[in-house]
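Observations on the model geometry
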Amino acid sequence: MSDFLKLVGEQLRIIRVSKGLSQEEVAERTGKLGFSKGRISNIEHGQSNITLSTLEMLMKALDIAPEELFNFQKLSGVTDIKEKNIMLDIHRSLLRERDLDEVKYVVRITKDFLDTMDSQSKKNSSNSQ
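I will try to describe carefully the structure that is included in this document. (Residues numbered from 1 in each chain as written. Predicted model: local features only at pLDDT ≥ 70, side-chain atom pairs only at ≥ 80, totals over all residues. Heavy atoms only, no water.)

**A closer look at the environment of Lys6**
You can see Lys6 is positioned in helix α1 (residues 3-18). In this structure, the C-alpha to C-alpha distance between Lys6 and Glu83, residues 77 residues apart in sequence, is 8.4 Å. (Helix = DSSP H or I, 4+ residues; strand = E, 2+ residues; numbered from the N terminus.)

**Some remarks on the environment of Val8**
Turning to its location among the elements, Val8 is positioned in helix α1. The sequence separation of Val8 and Ile43 amounts to 35 residues, and the corresponding C-alpha distance is 8.5 Å. If we ignore the near neighbours within four places in the chain, the residues touching Val8 are Leu55, Leu69 and Phe70. (Contact = heavy atoms within 4.5 Å.)

**Here's the deal with the side chain of Thr30**
With respect to the secondary-structure elements, Thr30 resides in the loop between α2 (23-29) and α3 (37-44). Reaching out from Thr30, the side chain makes a polar contact with the backbone nitrogen of Phe35 at a distance of 2.9 Å. Not counting residues within four places of it along the chain, the set of residues in contact with Thr30 comprises Phe35, Met57, Leu58 and Ala61. (Polar contact = N/O pair within 3.5 Å; in protein donor to acceptor, adjacent residues only side chain to side chain.)

**Considering the packing of α1 against helix α4 (residues 52-62)**
One can describe the packing of α1 onto α4 by two numbers: an axis separation of 11 Å at closest approach and a directional angle of 15 degrees. By the criterion of interaxial angle, the relationship of α1 to α4 is roughly parallel. You can see that α1 and α4 cross each other, and the crossing is left-handed. From α1, Val8, Leu12, Ile15 and Arg16 reach across to α4, where they touch Leu55, Leu58 and Leu62. Residues of the contact of α1 with α4, tallied by class, amount to six nonpolar, no polar and one charged. (Axes fitted to C-alpha atoms, helices over the stretch in contact; angles between N-to-C directions. Parallel < 35°, antiparallel > 145°, perpendicular 65-115°, else oblique. Left-handed = near helix turned anticlockwise from the far one by under 90°. Nonpolar A, V, L, I, M, F, W, Y, C, P; charged D, E, K, R; others polar.)

**Some words on the nonpolar core**
Core analysis: the largest hydrophobic core is formed by 17 residues, its most contacted members being Leu12, Val26, Leu55, Leu58, Leu62 and Leu69. The set of elements that each furnish at least two residues to this core consists of α1, α2, α3 and α4. Sort the elements by how many residues they give to this core and α4 lands first, with five residues. (Core = buried A, V, L, I, M, F, W, Y, C linked by side-chain atoms within 4.5 Å. Buried < 20%, exposed > 50% of the residue type's maximum accessible area, 1.4 Å probe, protein only.)

Pasting the structure below:
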């Protein structure tokens, strides 16, 4: 399956776990047309190509809005290189559609941001010693 399906599946899993729900509980919340625990697992592992209707049912079961689902900042603590590559691929595809000047601007701003973060990190680590 696609990296995007894996990313969305991982985000659904993170949200489910943060709400203290089991896959079975989410399956029950999907109602009469609901899913099995196995289907939820396949979706969370990016092994199932889901429709927008399926995604909407899962969002209702988790009681979340679209912006919560697509806020991938919650993955920032994840160090798995595979997931990091997924995020990089998404950004690459977004930038591919932009003009060269816009891409250069994003790269410059990103570098400035990372330099600032590194500087603050060094300052904080020297203050704690």
